[in-house]
Amino acid sequence: MSILKVENINKSFKTLQVLQNVSLEVQPGERHVIIGPNGAGKTTLFNCITNVLPIDSGKIFLEGQEISNMPSSKLVHLGMSRTFQKNNLFGNLTVEENLHLALTATKRYRYQMFHALTKHIDLKKETDEILAQWEISTRRNVKVNNLSYGEQRLLEILLAMASKPKILLLDEPTSGMSPAETAQTAEMIQKLPRTVSILIIEHDMDVVFSIADRITVLHHGEVILSGTPEEVRNNEEVREIYFGGGAKAHA
Amino acid sequence: MKKNILIFIVFLLIAFVLPFVLSVYGIDLVSEIFIMAIFAMSLGLIMGYAGMVSLGHAGFFGIGAYTVALLGPHIPNSYLLLFFSICLSGLLALVTGAIFIRTSKFYFLMITLAFGQLLFALAWQLKQWTGGADGMKVSAPLNLGFGEIVSPIGIYSVMAAAFIIVYLLLRFFVESPVGKIVKGIMENEARMSALGYDVRIYKLLTYTFSGALAGFAGSLYGFYNLFVSPDVSSWMFSGQVMMMVIIGGVGTLIGPAIGAGLFIFLQNFISTYTERWPIIMGALLVILVLVGKGGIIHWFALLKSKIFYKKRKNSDDYAPQHVEKEEVVN
Ligand SMILES: Nc1ncnc2c1ncn2[C@@H]1O[C@H](COP(=O)(O)OP(=O)(O)OP(=O)(O)O)[C@@H](O)[C@H]1O
Ligand SMILES: [Mg+2]
């Protein structure tokens with residue numbers, strides 16, 4: 001069974017139809033990349049999948065369970081979490097506090113009212129592990145607003161990972177990054193275990209072809225093609241609209 | 001942390017010594033300050049830790065005060081009266097909050113204002129029970145199991161203890177998961193929701209807790225003043241307590257308490273000199289708010305940073321909103 005299935009969803013803002021009969025499927029463990037020119041509707045697709053925006057019609061399934069109208073907060077508890085194209089963090093809190101908030105979301109003690117959060121040992125342990133694993137232990141007590149842009153982008157992913165999702169939705173994790181940071185992020189995404197499936201929107205073609213098992217091309221809110229990297233690379237229509245007539249097609 | 005404990009001990013000492021140096025009038029005034037400080041801290045919680053600005057918080061205060069006044073003659077047990085006040089105001093906050101928190105910030109302000117006015121009107125209209133605009137006497141002397149407490153020092157002790165208990169409760173609350181989460185929601189609601197939090201539950205829990213504390217303050221006021229009138233739930237009073245919170249400092253626990261102290265003190269001090277005290281009070285408050293951006297509590301923090309952190313290079317980017325964080329911000 002596919003982990004995520006999107007069936008014929010439509011979405012419009014007033015008169016502007018942004019998604020038209022969009023369908024796609026993500027298999028367990030798959031790295032599924034969505035590409036498409038600016039304004040194609042990629043972020044809107046994420047917002048619809050996570051029910052940040054209600055869909056007009058269509059159906060969405062997570063591991064076979066319909067989630068079309070489920071509140072976005074509930075989806076996390078079913079195993080789906082996401083990042084944002086623009087950093088969406090807690091800028092006035094420290095790195096550690098950001099991680100605490102992300103980790104607590106799936107803890108049973110999240111409704112506790114008079115017992116100090118930081119007294120929970122598992123929380124401290126998991127925070128330490130994450131900080132150590134991504135080699136940012138020294139940044140622990142730094143306010144997020146004072147982090148470099150690249151570090152903030154990384155934290156964006158770490159917060160989404162905190163709930164140990166089965167499927168992770170990444171919205172342009174490398175946007176605005178330097179080439180070096182982009183390469184690092186691509187490496188990081190490759191390092192993520194295969195127990196988590198990934199649906200990722202990405203512009204950088206190097207990154208796309210280095211991680212994709214499958215690529216879906218979105219154009220004017222429609223799926224042009226969904227196939228292997230090879231199929232996408234060789235498709236005339238995709239070259240036409242996305243690579244500008246093939247001139248800039250990636251070698 | 002150790003510094004906080006030290007400050008707490010100093011506070012306890014002062015609270016202990018005060019009754020010996022103050023006149024009866026002074027003791028009475030400080031008792032009132034303790035009550036208003038509890039009330040202001042309850043509003044400060046939702047304003048500064050949950051981003052909910054209410055103009056109807058006196059409604060809960062009124063529920064507490066009238067509970068003592070109306071049930072006092074029938075229930076001779078002070079503990080039960082306090083318990084009922086807290087439960088009633090908490091329950092009312094839970095039910096109304098479930099509706100109010102769905103609204104946007106501006107609308108929340110308006111609907112809480114309307115809610116407060118509704119209770120005010122009720123106290124006014126239900127003349128046969130409340131005495132209407134004339135108010136009513138409270139015939140429920142405070143008795144906590146060791147005789148009736150009527151002396152100013154007795155009342156003072158109870159109010160001081162209540163203040164300390166509420167402060168500690170709030171301290172625990174803001175450090176707890178729910179307290180941290182609701183603060184996260186205030187900063188970035190969309191992300192909290194994306195992280196898996198049902199944000200409404202957390203706002204509602206906080207609002208309910210705050211309402212219950214306001215009700216507690218109201219019931220203490222009933223015991224203290226032995227007289228209640230509809231004014232205790234008027235929008236004027238809601239506005240005054242908001243002033244206390246803002247003067248003292250939004251976003252800290254103790255700030256609103258300090259604001260309450262200053263407000264009550266000034267009000268009494270100025271009103272002994274002139275009938276026109278509201279005008280002078282108003283002008284003073286305007287100045288305080290204009291000059292003391294962030295509230296009085298941040299003056300202390302700035303002063304402290306001047307004294308203790310002079311040698312630090314980055315004392316310039318000292319962020320007053322994050323007093324407790326000073327050790328960790330780089
Ligand atoms: N909330 C909204 N209200 C109205 N129009 C919107 C809204 N969100 C997106 N749009 C419009 O929908 C279209 C698709 O936007 P979307 O953000 O999904 O594109 P995208 O593929 O993510 O683009 P980019 O690569 O620039 O991130 C755009 O024309 C955008 O202006
Ligand atoms: Mg986008």
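Residues numbered from 1 in each chain as written. Chains lettered and ligands numbered in written order. Predicted model: local features only at pLDDT ≥ 70, side-chain atom pairs only at ≥ 80, totals over all residues. Heavy atoms only, no water.

**Student:** Would you take a moment to explain the coordination of the magnesium ion (ligand 2) for this structure?
**Tutor:** Residues and elements named next belong to chain A. At 1.9 to 2.1 Å from the magnesium ion (ligand 2) lie its protein donor atoms, namely Thr-43 (OG1) and Gln-85 (OE1). Residue Thr-43 is located in helix H1 (residues 42-49), and its partner Gln-85 is located in the loop between strand E6 (80-82) and helix H3 (95-104); the two are separated by 42 residues in the primary sequence. On the accessibility criterion, Thr-43 (26% relative accessible area) is partly exposed. By relative accessible area, Gln-85 is classed as partly exposed at 31%. (Donors = N, O, S within 2.8 Å, 3.2 Å for Na, K, Ca; no water. Helix = DSSP H or I, 4+ residues; strand = E, 2+ residues; numbered from the N terminus. Buried < 20%, exposed > 50% of the residue type's maximum accessible area, 1.4 Å probe, protein only.)

**Student:** Which parts of the structure should I look at to understand the packing of helix H2 (residues 24-49) of chain B against helix H10 (residues 199-225) of chain B?
**Tutor:** Axes are the key here: two packed helices are described by the angle between their axes and the distance separating the axes. All names here are of chain B. Closest axis-to-axis distance for the H2/H10 pair is 8 Å, and the angle between their directions is 165 degrees. When the axes of H2 and H10 are compared, the pair comes out roughly antiparallel. Read as a crossing pair, H2 and H10 show a hand that is left-handed. Taking contact as the criterion, the partners of Asp-28, Ser-31, Glu-32, Ile-35, Met-36, Ile-38, Phe-39, Ser-42, Leu-43, Leu-45 and Ile-46 in H2 are, on H10, Thr-206, Tyr-207, Phe-209, Ser-210, Leu-213, Ala-214, Phe-216, Ala-217, Leu-220, Tyr-221 and Tyr-224. Classifying every residue of the contact of H2 with H10 by side-chain character gives 16 nonpolar, 4 polar and 2 charged. (Axes fitted to C-alpha atoms, helices over the stretch in contact; angles between N-to-C directions. Parallel < 35°, antiparallel > 145°, perpendicular 65-115°, else oblique. Left-handed = near helix turned anticlockwise from the far one by under 90°. Contact = heavy atoms within 4.5 Å. Nonpolar A, V, L, I, M, F, W, Y, C, P; charged D, E, K, R; others polar.)

**Student:** What is the right way to look at the sheet that holds strand E4 (residues 57-62) of chain A in this model?
**Tutor:** Residue and element names in this part refer to chain A. One open sheet accounts for 4 strands, arranged E2-E1-E4-E5; its pairing is antiparallel. A strand with exactly one partner marks an edge of an open sheet, and here the two such strands are strand E2 (16-26) and strand E5 (65-66). Note: strand E1 (residues 4-13) against E4, 5 bridges, orientation antiparallel. For Lys-5, the partnering residue across the bridge sits in E4 and is Phe-61. Each of E1, E2 and E4 is contacted by H1, which is oriented at about 115 degrees to E1, the strand it contacts most. (Pairing = 2+ DSSP bridges.)

**Student:** When you look at the site of ligand 1 in this model, what are you seeing that I'm missing?
**Tutor:** Residues and elements named next belong to chain A. Looking at ligand 1, the residues that line it are Phe-13, Val-18, Asn-38, Gly-39, Ala-40, Gly-41, Lys-42, Thr-43, Thr-44, Gln-85, Glu-172 and His-203. Between Asn-38 and ligand 1, the recorded distance is 2.9 Å, taken from a side-chain N or O atom to an oxygen atom. Top element by residues in the shell around ligand 1 is H1. It accounts for 3 residues. (Near = heavy atom within 4 Å. Polar contact = N/O pair within 3.5 Å; in protein donor to acceptor, adjacent residues only side chain to side chain.)

**Student:** Can you help me understand the pairing of strand E3 (residues 31-35) of chain A in this one?
**Tutor:** A regular strand carries its side chains on alternate faces of the sheet. Residues and elements named next belong to chain A. Across the 5 residues of E3, 5 count as buried, placing the element largely inside the fold. Neither face of E3 is exposed, since Arg-31, Val-33 and Ile-35 on one face and His-32 and Ile-34 on the opposite face are all buried. Note: E3 against strand E8 (residues 197-201), 4 bridges, orientation parallel. Residue pairing for E8: Val-33 is matched across the bridge by Ile-200.

**Student:** Even after reading the chapter, I still don't get the domain arrangement of chain B, so can you show me in this structure?
**Tutor:** A common way to state how big an interface is: give the accessible area lost once the parts meet. Residue and element names in this part refer to chain B. Per the domain assignment, the segments making up chain B are domain 1 (24-278) and domain 2 (293-330). A C-alpha centroid distance of 30 Å is found between domain 1 and domain 2. Contacts between the two partners involve 11 residues from domain 1 and, on the opposite side, 7 residues from domain 2. Both faces combined, the contact of domain 1 with domain 2 buries some 620 Å², and carbon together with sulfur accounts for 65% of it. Remark: the boundary between domain 1 and domain 2 carries 0 salt bridges. Counting residues per element, the ones that place at least two in the side of domain 1 that touches domain 2 are helix H11 (235-248) and helix H12 (254-271). (Domains from an automatic or database assignment. Buried area = accessible area lost by both parts, 1.4 Å probe. Salt bridge = Lys/Arg side-chain N within 4 Å of Asp/Glu carboxyl O.)

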